[in-house]
Amino acid sequence: MSDPHGDLAGLLKSWRDRLSPADVGLPAGPNRRAAGLRREELAALAGLSVDYVVRLEQGRSRNPSDQVVASIARVLQLTSEERDHLFVVAGLLPPSRGELPRHIPPGVQRLVARLGATPVAVFTASWELLTWSPLWAALLGNPSTLAAGERNLLRASFGGTLLAGPEGHPVRSASGDPEHLQRSLVADLRGVHGRYPNDQSVRRLVDDLLVSSPRFAAMWATAAVSEHQSERKTILHPLVGDIELDCDVFSAAGSDLRIVAYTAAVGSSAADKLDFLRVSAVAAVSALEAQPSASAGSGSV
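Everything quoted here is computed from the prediction, not taken from an experiment.

What counts and what doesn't
- Residues numbered from 1 in each chain as written.
- Predicted model: local features only at pLDDT ≥ 70, side-chain atom pairs only at ≥ 80, totals over all residues.
- Heavy atoms only, no water.
- Core = buried A, V, L, I, M, F, W, Y, C linked by side-chain atoms within 4.5 Å.
- Buried < 20%, exposed > 50% of the residue type's maximum accessible area, 1.4 Å probe, protein only.
- Helix = DSSP H or I, 4+ residues; strand = E, 2+ residues; numbered from the N terminus.
- Polar contact = N/O pair within 3.5 Å; in protein donor to acceptor, adjacent residues only side chain to side chain.
- Pairing = 2+ DSSP bridges.
- Axes fitted to C-alpha atoms, helices over the stretch in contact; angles between N-to-C directions.
- Salt bridge = Lys/Arg side-chain N within 4 Å of Asp/Glu carboxyl O.

A.B. asks: Sorry, what's going on with the nonpolar core here?
C.D. replies: Core analysis: the biggest nonpolar cluster contains 39 residues, and Leu139, Leu154, Phe216 and Tyr262 have the highest contact counts within it. One finds Leu11, Val24, Ala43 and Phe87 within the second-largest nonpolar core, a separate group that totals 29 residues.

A.B. asks: Before we go on, may I ask you to explain the side chain of histidine 237 in this structure?
C.D. replies: Its location among the elements puts histidine 237 in strand 4 (residues 231–237). There is a polar contact of 2.9 Å between the side chain of histidine 237 and the backbone nitrogen of leucine 239.

A.B. asks: What is the right way to read the sheet that holds strand 2 (residues 129–132) from this model?
C.D. replies: Backbone-to-backbone hydrogen bonds join strands into a sheet, with any given pair of strands oriented parallel or antiparallel. Here we have six strands laid out as an open sheet, ordered 2-1-6-5-4-3, and antiparallel in their pairing. Either end of the sheet is taken by a strand with one partner, and the two such strands are strand 2 and strand 3 (171–173). Pairs of neighbouring strands in the sheet enclose a mean axial angle of 30°, with direction left out of account. Two strands pair when backbone bridges link them, and strand 1 (residues 120–123) and strand 2 are joined in this way by three bridges, in the antiparallel orientation. Bridge pairing in strand 2 links valine 122 to threonine 131.

A.B. asks: Can you help me understand the pairing of strand 5 (residues 241–252) in this one?
C.D. replies: Along any regular strand, the residues point their side chains to alternate faces of the sheet. With seven bridges connecting them, strand 4 and strand 5 associate as antiparallel partners. Residue pairing for strand 5: histidine 237 is matched across the bridge by glycine 241. Counting the residues in the hairpin turn of strand 4 and strand 5 gives three residues. Direction of pairing for strand 5 relative to strand 6 (residues 257–263): antiparallel, over a ladder of seven bridges. Residue pairing for strand 6: phenylalanine 250 is matched across the bridge by isoleucine 259. As consecutive antiparallel partners, strand 5 and strand 6 are separated by four residues, and within that stretch glycine 254 has a phi angle of approximately 85°, a positive value.

A.B. asks: Sorry, what's going on with the pattern of salt bridges here?
C.D. replies: Scanning all chains against the criterion turns up 16 salt bridges. Across the pair arginine 55 and aspartate 51 runs a salt bridge, and its minimum N-O distance is 2.9 Å. A residue pair is termed a helical-turn pair when its members lie 3 or 4 positions apart in one helix, as arginine 55 and aspartate 51 do in helix 3 (residues 50–57) at four residues. Judged by relative accessible area, which is 45%, aspartate 51 ranks as partly exposed. Taking the shortest distance from any N to any O, the salt bridge between glutamate 128 and arginine 102 comes out at 3.2 Å. Pair noted here: glutamate 128 is in the loop between strand 1 and strand 2 and arginine 102 is in the loop between helix 5 (80–89) and helix 6 (106–114), with a separation of 26 residues, a long-range link. Here the salt bridges do not stand alone but share partners, grouping Arg16, Arg39 and Glu57 into one network.

See the structure below:
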């Protein structure tokens, strides 16, 4: 009988080899010995140590958590069927259909990776931030500085600053009503809570906010239900000042994910500010790529 953990090791390497740096939004660099994604790149994108990825691929770590497997599946741009298979060979139950979807389809992953000129990110239906472009981080603050559980738009909005993105830079609705965005998000969450009544993360989010935020509790008590809509937003950026942008929300069919993109009209002052931030984003990615590998040879392919 074959060892499922041996299968896990082989699968990870095979799936990593079929990706290119461009698929995940990274520059190829001049000194690559193979076209696939390097171990250290997978580790950085999945929020893992290089040593842990090496141990997984060598079969020395045999019990990855649900969160680790889900993160690896996202970075490797697996299909839903491949994601479920990865859970099974890791000795875990795949997510059930009643749970809020968190897996990003490969096409959506490629969209985010290749929209380098646009601040774009993908959220779950409950507004948990899953992945983002470099320009999103430059515009709204780097989400990787936060723990995964803190990357939620509702937790950020009701956690102190009246309207702040999950990465820290304050965001204001162009409607002029300082609570408009919050009311819209709460009404949207009410609908999500109804669609996924057995999802523990959604229930925990609602319960936590009911306890921690009287403002959320008051809005939740109205029982309003509506879908959060696209609108203009103003980001209070510490480097370029206030920048007003169109914020559009798109749905990924069949996944219940939210794709959020900020754009500006060509030739506008907001577009000039985005261009300035884009240079900063490219420089940050290039600096990351230029860093020496923490695994000193054994972590690269």
